[in-house]
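Residue-level structure breakdown
What follows is each chain in one-letter form.
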Amino acid sequence: MTDNNAVLVERILKLKKERNAVILVHNYQLGEVQDIADFVGDSLGLSQNAAKTEAEVIVFCGVHFMAETAAILCPGMTVLLPDRHAGCPMANMITAEQLRQKKKELPQATVVCYVNSTAAVKAESDICCTSANAVQVVESLDNDEVLFVPDQYLGHYVSTRTNKKVHLWPGYCPTHARILPQHIMQLKQENPQARVVVHPECRPDVIALADEVASTGGMIRYARRDDVQEMIVGTEIGIIHRLKKENPGKKFIPVTEQAVCPNMKLITLEKVLWSLEEMRPVVKVPEATRIKAKAAVDKMLAIV
Ligand code: 13P
Ligand code: SF4
């Protein structure tokens, strides 16, 4: 750690105590931000942690929909997102109005929204899911017909794991779309012993080449297995920091250095400190939307 970072970290930890704050960090964040976390995890783990924390303030180091989910679950708490521009382009690929229109076309379908969506879209949905539990959530439904929004690739992956009819919305993650089959073929040739693990936001032709399809939390667990010594990692490259830190001696190969989510990288130690000093930017959800969105998130949390 640089001297400058050490000073920042000391000030953050002191202020965190004074404010009774908890720092929740996604697996794609910069390494130095992951290292100050009370909890590092995937979207599901972060929501579960937010739901049970007794702190007064959550500093959310991730993107907007993640902080918004914490605000949905914890109405009495202050949720800070250290850079208010840290959005998720996929979450913005469907609006609540567009979803209302689609529901009119498919009134018989149950609406499942990926957690990478706005609070307003969650409020229009029957149940939420994350990449860790999407198949389980869809399988839990009584209805055999589902409208899955907004990620077409995760929705397609789910459709291959269930007999239900899954209607897709044409959203996608621009970062995972940079991961291509030819990258994986090449790396498999160079590293024949390595397991290929990819995120379900990847394209179907990438998923077809994988030994394992997992959320970022699932990838962390998979890497701990004794029979895994080398892993070709098909997701955002921020996860490599944690994989290496937790598994010294094992080899982790990112599928492509191009798989960078620029929004995730907007959060820095400086911004975490400013955010705790100034207690902003605060992420809030209008109460009527929050109550409806919470019903969709709670239904998910009840089955995982
Ligand atoms: P995870 O829930 O698997 O961490 O994924 C979140 C995300 O935004 C992936 O791009
Ligand atoms: Fe959104 Fe993709 Fe970034 Fe995840 S990696 S936050 S889905 S843009």
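Relevant structure appears above.
Residues numbered from 1 in each chain as written. Chains lettered and ligands numbered in written order. Predicted model: local features only at pLDDT ≥ 70, side-chain atom pairs only at ≥ 80, totals over all residues. Heavy atoms only, no water.

Bringing the site of ligand 2 into the picture now. Near ligand 2 you find Tyr 28, Val 63, Cys 88, Pro 89, Met 90, Asn 116, Cys 173, Glu 201, Cys 261 and Met 264, and these make up its full shell. Across the shell around ligand 2, the residue classes break down as eight nonpolar, one polar and one charged. (Near = heavy atom within 4 Å. Nonpolar A, V, L, I, M, F, W, Y, C, P; charged D, E, K, R; others polar.)

Strand order in the open sheet made by the four strands is E10-E9-E11-E12, with parallel pairing throughout. Across the chains shown, the open sheet's two edge strands, defined by having one partner strand only, are strand E10 (212-213) and strand E12 (251-254). Direction of pairing for strand E9 (residues 195-198) relative to E10: parallel, over a ladder of two bridges. Bridging across to E10, Val 197 finds its partner in Glu 212. (Pairing = 2+ DSSP bridges. Helix = DSSP H or I, 4+ residues; strand = E, 2+ residues; numbered from the N terminus.)

Residues in contact with ligand 1, as listed here, are His 26, Tyr 28, Asp 42, Ser 43, Asn 116, Ser 131, His 176, His 199, Glu 201, Ser 215 and Thr 216. Within the side chain of His 26, one N or O atom sits 2.6 Å away from an oxygen atom of ligand 1. Coverage of ligand 1 by the protein chains reaches 96% of its 300 Å² of free accessible surface. In the shell around ligand 1, the residues fall into one nonpolar, eight polar and two charged. (Polar contact = N/O pair within 3.5 Å; in protein donor to acceptor, adjacent residues only side chain to side chain. Areas by Shrake-Rupley, 256 points an atom, 1.4 Å probe, with all protein chains shown as cover.)

Read these as geometric descriptors, not functional statements.
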